[in-house]
Amino acid sequence: MTNRLDNRSQNHAVIFLGPPGAGKGTQAERLARNYGLVKISTGDILRDHVTRGTDLGLQVKPILDAGHLVPDDILIALIRDKLAGLERVRVIFDGFPRTVAQARELDVLLEELGTPIAGVPLLEVPDAELIARIVSRGRDSGRSDDTEEVARRRQEVYREQTQPLIEYYSSRGQLQTVDGVGDMDEVYTRLQNVLA
Ligand code: ADP
């Protein structure tokens, strides 16, 4: 299937939205591989700092463990840095932006870099299923924020701080809603269809 992301000489940014536990990470990985995009997962970047025990890692660990959001200025600096290191800006964001302030700043950055937003897929999964998925993932991954209590906090934070992004992008006609229930291949096909 051809897709506008197939043009590898063009800059593109895909902004992947969805609540914690919706399966964004896995699907973003696959989209990145298929379309030659760099996946920028802010959760992975932050967890890597925690693992390496960097200053930033020490600073953010308690925030991650509590299920709160890391301050916008830290995230914006991380993303600025990441994009500056790329030869071509062909990226898929997973877990960023998470607040309207981050989204505004990302608009500025992408404009500076001459990179259009190719799509904003939103992966939708019912709340009850999200908690179940996170708790079972925690059993496998050992992620310290994948307990039921922290998962519920992350859902709340999502509702309060990240959900406004749905309106932010849909009012500009950029949002593409995708049903995130079903097996991984099925969900992937739906994603490809909306990005085509
Ligand atoms: P999930 O989507 O499963 O909740 P992530 O791996 O995307 O998890 O993020 C894990 C944690 O990292 C978040 O709960 C938050 O503390 C922090 N984080 C990641 N991305 C951001 C962001 N864009 N802004 C603020 N905090 C973030």
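The shown structure was predicted, so the numbers you read here are calculated from the model rather than taken from an experiment.

J.: Give a description of helix α3 (residues 55-66) that names residues and reports values.
T.: What α3 keeps buried is the set Leu 56, Gly 57, Val 60, Ile 63 and Leu 64. Seen end-on, α3 carries its buried residues on one side only, within an arc spanning 130°. Opposite the buried face of α3, by more than 90 degrees, sit the exposed residues Asp 55, Leu 58 and Pro 62. The secondary structure elements touched by the buried residues of α3 are α2 (42-52), α4 (72-84) and α7 (148-162). Note on α3: the residue one or two positions beyond its end, Gly 67, has a positive phi of about 85°.

J.: Can you explain the site of the ligand? Please cite residues and give values.
T.: Thr 42, Arg 47, His 68, Gly 95 and Gln 102 are the nearest of the 19 residues found near the ligand. Between the ligand and Gly 95, the relevant distance is 2.9 Å, taken from a nitrogen atom to a main-chain nitrogen or oxygen of the residue. Arg 154 places a polar side-chain atom, nitrogen or oxygen, 3.0 Å from an oxygen atom of the ligand. For the ligand, whose free accessible area comes to 550 Å², the fraction covered by protein is 96%. At four residues, α2 tops the list of elements feeding residues into the shell around the ligand.

J.: Help me get a handle on the UniProt feature "binding site: AMP" (unreviewed entry) in the protein chain, residues and values and all.
T.: Following the UniProt record, the feature "binding site: AMP" (unreviewed entry) maps to Thr 42, Arg 47, His 68, Leu 69, Val 70, Gly 95, Phe 96, Pro 97, Arg 98, Gln 102, Arg 143 and Arg 154 here. On the basis of their most widely separated C-alpha atoms, the annotated residues across 113 residues do not gather in one place, lying as much as 24.8 Å apart. Within the element layout of this structure, His 68 appears in the loop between α3 and α4. Its relative accessible area of 42% is what places His 68 among the partly exposed residues. Contact partners of His 68, with chain neighbours within four places excluded, come to Ile 63 and Arg 153. Tracing the chain through its elements places Gln 102 in helix α5 (residues 100-112). Other than its neighbours up to four places away in sequence, Gln 102 contacts Val 70, Asp 72, Leu 75, Ile 76, Phe 96 and Pro 97.

J.: Got a sec to walk through the sheet that holds strand β1 (residues 12-16)? Specific residues and values, please.
T.: Here five strands make up an open sheet; going across it, the order is β2-β3-β1-β4-β5 and the pairing parallel. Looking at which strands have only one partner, the edges of the open sheet turn out to be β2 (38-41) and β5 (175-179). Neighbouring strand axes in the sheet, compared pairwise and without regard to direction, differ in orientation by 20° on average. Sheet topology places β1 next to strand β3 (residues 90-94); five bridges connect them, and they run parallel. In the sheet register, Ala 13 faces β3, and the bridge partner there is Val 91. Across the sheet, helix α1 (residues 24-35) touches β1, β2, β3 and β4 (117-124), and the angle it forms with β3 is around 175°.

Cut-offs and rules
- Residues numbered from 1 in each chain as written.
- Predicted model: local features only at pLDDT ≥ 70, side-chain atom pairs only at ≥ 80, totals over all residues.
- Heavy atoms only, no water.
- Buried < 20%, exposed > 50% of the residue type's maximum accessible area, 1.4 Å probe, protein only.
- Helix = DSSP H or I, 4+ residues; strand = E, 2+ residues; numbered from the N terminus.
- Arc of directions from axis to C-beta.
- Contact = heavy atoms within 4.5 Å.
- Near = heavy atom within 4 Å.
- Polar contact = N/O pair within 3.5 Å; in protein donor to acceptor, adjacent residues only side chain to side chain.
- Areas by Shrake-Rupley, 256 points an atom, 1.4 Å probe, with all protein chains shown as cover.
- UniProt positions renumbered as here; feature names shortened; annotations may be inferred.
- Pairing = 2+ DSSP bridges.
- Axes fitted to C-alpha atoms, helices over the stretch in contact; angles between N-to-C directions.

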